[in-house]
Each structure stands twice: as C-alpha cells, then as structure tokens.
Amino acid sequence: MDSFDVIVIGGGPGGYVCAIRCAQLGLKTACIDASPTLGGTCLNVGCIPSKALLHASHQLHEARHNFAKMGLVCEPPVIDWKEMQKYKNTTINENTQGIEFLFKKNKIHYINGHAHFISTSEIQVDGKNYTSKNIVIATGSETSSLPGIIIDEKQIVSSTGALSLEKVPTKLVVIGGGVIGLELSSVYSRLGTEVTVLEFQKSIVPDMDQDISKNLIRILKKQGINFQTNCAVTSVQKSKNKIKVNYNDNKKEIEESIETDIVLVATGRKAYSGGLCFEGIGGVINDKGMIETDNHNRTNLSSIYAIGDVTNGPMLAHKAEEEGILVAETIAGQNSQINYNHIPNVIYTNPEVASVGMTEETLKVTNKDYKVGKFNFAGNGRAKLVFSSSGFVKLLADSATDRILGCHIIGPSAGDIIHEVCVAMEFGASAQDLAMTCHAHPTFSEAIKEAALSCGDGPIHS
Ligand code: NAI
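Because the structure is a prediction, the values reported are computed rather than measured.

Reading guide: rules and limits
Residues numbered from 1 in each chain as written. Predicted model: local features only at pLDDT ≥ 70, side-chain atom pairs only at ≥ 80, totals over all residues. Heavy atoms only, no water. Helix = DSSP H or I, 4+ residues; strand = E, 2+ residues; numbered from the N terminus. Phe/Tyr/Trp six-rings, centres within 6.5 Å; stacked < 30°, edge-to-face > 60°. Buried < 20%, exposed > 50% of the residue type's maximum accessible area, 1.4 Å probe, protein only. Lys NZ or Arg CZ within 6 Å of the ring centre and 35° of its normal. Domains from an automatic or database assignment. Contact = heavy atoms within 4.5 Å. Buried area = accessible area lost by both parts, 1.4 Å probe. Salt bridge = Lys/Arg side-chain N within 4 Å of Asp/Glu carboxyl O. Polar contact = N/O pair within 3.5 Å; in protein donor to acceptor, adjacent residues only side chain to side chain.

> Would you mind showing me how to read unusual backbone geometry here?
A negative phi angle characterises most non-glycine residues, just as the trans form characterises most peptide bonds. Following Asn 350, the chain continues to Pro 351 via a peptide bond in cis, the omega torsion being 5°. Following the sequence through the fold, Pro 351 ends up in the loop between strand 18 (345-347) and strand 19 (352-357). Geometrically, the link from His 441 to Pro 442 is a cis peptide bond, its omega value of -5° lying close to zero. Along the chain, Pro 442 turns up in the loop between helix 13 (431-435) and helix 14 (446-454). Residues other than glycine seldom take positive phi values, yet Cys 277 does so here, at roughly 60°. Tracing the chain through its elements places Cys 277 in the loop between strand 16 (269-271) and strand 17 (304-306). In the Ramachandran plot, Phe 387 falls in the positive-phi region, its phi being about 55° despite a non-glycine side chain.

> How do you make sense of the packing of aromatic side chains when you look at a structure like this?
Aromatic ring pairs are defined here through the distance separating the ring centres and the angle between the ring planes. All chains considered together, the criterion is met by 3 aromatic pairs. An angle of 55° between the planes, with centres 5.9 Å apart, marks the rings of Trp 81 and Tyr 188 as tilted. Placement of the pair is Trp 81 in helix 4 (residues 81-105) and Tyr 188 in helix 6 (residues 179-190), with a sequence separation of 107 residues. The buried category is assigned to Trp 81, whose relative accessible area is 9%. On the basis of relative accessibility, which here comes to 1%, the residue Tyr 188 falls in the buried class. A cation over an aromatic ring shows up here: Lys 374 above the ring of Phe 392, its NZ or CZ 4.3 Å from the ring centre.

> When you look at the domain arrangement of the protein chain in this model, what are you seeing that I'm missing?
It is common to report an interface's size as the accessible area lost on association of the parts. Assigned domains of the protein chain: these are domain 1 (2-143 + 270-338), domain 2 (156-267) and domain 3 (342-454). The straight-line distance from the C-alpha centre of domain 1 to that of domain 2 is 28 Å. The partner domain 2 presents 15 residues to the 18 residues of domain 1 that form the contact. With both chains or domains summed, domain 1 and domain 2 bury close to 1400 Å², and 65% of this area falls on carbon and sulfur atoms. Summed over the three residues of domain 1 that lose the most area to domain 2, namely Val 45, Leu 54 and Trp 81, the buried surface amounts to 39% of that side. Our enumeration of links across domain 1 and domain 2 arrives at 1 salt bridge. On inspection of domain 1 and its partner domain 2, the count reaches 7 residue pairs in polar contact (both at pLDDT 80 or more).

Next comes the structure, spelled out in structure tokens:
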C-alpha cells in the first residue's frame with residue numbers, strides 16, 4: 001500500500017497550494033481530486049473563467065464607449081460568442097495545466113478519483129487504499145439553490161452554467177445581488193443582455209460597507225442593469241423557451257413576476273463534504289455540511305485537517321490558499337497563523353470593489369471611536385484619463401491611536417491597490433504612516449494616500 005506523510009483531498013486553491021507547500025517542506029505528499037482537471041471551482045468554473053469573461057466584455061465596453069474619445073476610430077467590435085468561449089477555455093486550460101506542472105516539479109503524487117475515508121489514516125480511491133500520517137480535507141463548496149428551484153444548467157443556471165451558455169441571452173434574471181450575481185450581471189449586461197437582479201435584502205452586497213453598496217448599485221444602474229431589492233423569489237415556472245420568476249416585493253407587499261430567457265441562481269454556495277465518509281470514522285460535520293476546525297484547521301480528529309470552503313469563514317480562494325499553507329507548516333512543526341481580519345474581499349465589476357477590515361456599520365455596533373478619511377477618484381489624475389473617476393477610497397482609523405481599522409474602495413483596480421492597506425494593517429500601521437509614504441504619480445494608489453491624509457489635516461487634491 002502506498003503511504004505518505006500528507007494526503008490532500010481536493011485540488012482546488014486550498015488543496016493544491018497545501019500540497020505544494022507540504023512538498024516544499026520535505027513531506028511526502030499526495031493530492032487526490034475527482035475532477036478531470038486540477039484547480040477546483042476557482043480555476044475551472046469560478047474565479048478564472050468569470051474574470052476572462054469580465055475582461056473580454058470590459059474590452060467591448062471600452063471599444064464602444066471610450067475608444068473614440070481617445071482618437072481611436074473604428075467600427076465597434078461584434079461579439080463572436082464561440083470565440084469568446086474558446087478564449088475563456090484556453091485560459092482555464094493554461095491555468096489547470098500549470099498546476100499539473102507544479103505537481104510534477106514538486107514530486108507530488110497526483111491521484112485522479114473520488115476519495116473516501118477507511119480510517120483516520122487510510123483513504124480509498126477507486127478500490128485502491130493509501131495510508132497517510134496526516135490528511136487534509138479541501139473538498140470546497142457546491143452551488144446551492146432555493147427551495148423548489150431546480151438548476152438544470154440550461155435555462156435555470158448556477159454560475160457554472162452561466163459561464164458556458166449556448167448563446168448570449170436576450171433577457172437574464174439574476175437571483176441574488178451578491179458577488180457572483182453582480183459579476184455575471186456585468187458580463188451579460190455589457191454583451192447586450194437585458195439584466196434584472198432580484199435581491200432579498202434592502203441593499204446589494206449587504207455585508208459590505210453600506211457606502212460601497214449604495215454607490216455600486218447607483219453605478220451599475222447607470223450601466224443599464226435593473227435592480228429590485230427587498231424582494232424574495234418564491235418560485236420559477238419553466239415553459240419551452242421562457243421562464244417566469246415569481247417574487248414577493250416586500251416593500252410594496254405585493255406579488256410580482258418577471259419573464260426571462262435564463263435565470264441565474266446566485267444565492268450562495270454550501271460546503272461540499274459529500275461521499276467522504278468522514279462521519280463514519282468519527283469526524284464531525286455541522287448542520288450546514290461544514291467541517292469545523294480549531295485555529296490551526298485541525299478537525300475533531302487530530303491527524304485530519306480541513307481548509308477552504310468546506311470549513312468556517314468566507315468562501316474565498318485566497319483564504320483557502322492561506323489555510324493550505326498554514327496546515328502544511330503546522331504539519332511540518334512550524335507555528336503559523338492567519339489574521340482573518342486582514343483578508344481582502346474583491347468584486348470584479350467595473351469599477352472594482354475591494355475591502356479589508358471593519359466596515360463603518362460594524363464599528364458603530366462596537367461603539368469604537370473612529371474617523372473616516374475619504375477621497376474621491378474624481379481628484380485622481382490617472383483615474384480621470386482612463387474614464388474611471390466615479391468611486392472613492394474610504395479609510396477607517398481609530399480616533400485615539402490613528403491605527404487603520406478598515407478600508408473600502410470602489411474604483412479602478414481596487415482589487416490590486418487594496419493590498420498596500422492589507423500590508424499596512426498587518427504591520428499595525430496608522431493612517432499617518434500611509435499618508436507619509438511616497439506614492440508614485442500618476443497612480444490609482446495615490447487615492448489611498450489622499451484618503452489617509454483625509455484622516456489627518458486633509459487631502460491635497462480635493
Ligand atoms: P453571496 O452570499 O455573496 O450572495 C447571495 C445573495 O443572494 C445575498 O445578497 C442574499 O441576500 C441573496 N438572496 C438569498 N436568497 C434570496 C432570495 N430568495 N431572493 C433574492 N435574493 C436572495 O453568494 P454568491 O454571490 O452566490 O457567492 C457565493 C460565494 O462565492 C460567496 O462566498 C462569494 O464570496 C464567493 N465568490 C467570490 C468571488 C470573488 O471573490 N470575487 C467571486 C464569486 C464568488
């Protein structure tokens with residue numbers, strides 16, 4: 001029987017990163033994945049393909065709306081959906097093959113198949129048994145739907161089906177104004193689809209800082225996306241070519257319906273631990289299907305760990321990666337830690353949204369004295385020249401100590417520029433530390449320096 005120091009179940013961002021770090025630390029490592037390709041949801045049907053479609057559709061927007069303003073005169077491009085899909089699939093393949101290359105380079109034993117537990121140190125895949133001193137569960141998450149709404153991935157789709165529709169639909173109804181709903185609404189709206197988002201809460205991305213949420217809905221409405229907030233979808237009726245989505249308008253207290261070609265269900269994902277037989281060996285799975293862990297990602301069984309979407313915390317690829325590294329280093333005897341307060345969150349709409357740390361709403365609840373430093377991209381030269389000056393940087397700092405508590409950005413490249421704030425927070429920096437740091441001109445990052453200045457004597461450019 002093959003035996004290892006570590007077996008990682010799942011080859012998504014949590015699992016493959018964990019396997020690579022284990023191998024780097026000298027541990028004999030295997031990674032088991034049931035899908036035909038490595039990379040999990042993120043690379044195959046999540047982050048990477050959605051960003052490819054967001055990029056392509058953004059280029060179309062630029063060609064249609066901004067090229068002529070820069071003296072680039074051409075016919076607006078037409079959409080070749082098959083070619084766009086090919087580009088998306090090539091991007092996926094390059095990334096998934098990249099992981100296979102890294103596995104070979106790091107001498108990781110890759111087993112393709114569905115794993116289940118035989119004991120706390122034994123795994124079976126397709127009738128073959130493997131033993132390991134440590135096992136890491138990195139099985140991720142799966143789409144969840146609403147009661148009575150069955151996803152067929154043709155007319156009623158999850159994000160997976162929405163990335164590979166047969167054609168660009170005329171009408172799309174999106175249930176859920178969260179991250180997936182907004183990113184895919186942006187893709188199809190830019191491609192010419194009439195998009196309506198139905199959101200249960202009073203605001204879209206309800207857990208984000210409300211300044212961001214209010215501005216994002218205003219900007220996306222201006223881009224042509226329709227929104228109905230405060231409404232609960234109750235049922236979906238399918239006929240041959242059309243679909244009727246029924247919902248309660250909770251503000252007007254009436255029942256409404258909307259007809260569409262395609263419905264995207266984007267109401268969240270759930271932990272995936274199916275078929276593992278983890279409970280059969282004494283493992284605990286909670287009522288949400290999640291495997292709970294301690295702060296070193298150890299489950300109730302001491303040689304078994306769980307990381308990423310299958311365990312507590314935000315369902316984010318980069319959170320899973322950090323946990324993968326933490327577990328590898330813990331197994332190797334190192335003392336690693338993750339600061340969950342400093343994990344950034346990004347929405348790849350245009351403009352992008354990025355946040356880290358506490359929101360103003362959470363600060364109000366904690367009764368902490370804080371100050372707000374805000375700077376609009378309207379005062380940022382670089383943002384203006386790329387026609388992307390709506391939005392702002394909002395920095396929250398402790399009134400007494402000036403220590404940075406959170407940052408919320410809506411604006412160009414928000415997902416990239418947020419990281420200087422993440423690093424600053426990791427080092428316990430004050431707003432003044434950011435304000436006193438020289439920022440290259442002209443960059444979008446200058447807006448962060450200006451927001452930091454706003455926490456003190458005031459910004460220069462507003
Ligand atoms: P989500 O939890 O972000 O949003 C779901 C939304 O659906 C919520 O706003 C909720 O209020 C709404 N909703 C729930 N029931 C409803 C109903 N009956 N009618 C109308 N609205 C309803 O979930 P989402 O967008 O599906 O994303 C799943 C996970 O994937 C999230 O944890 C997200 O962070 C992650 N993800 C992250 C991305 C990124 O980092 N850029 C990209 C895509 C997904």
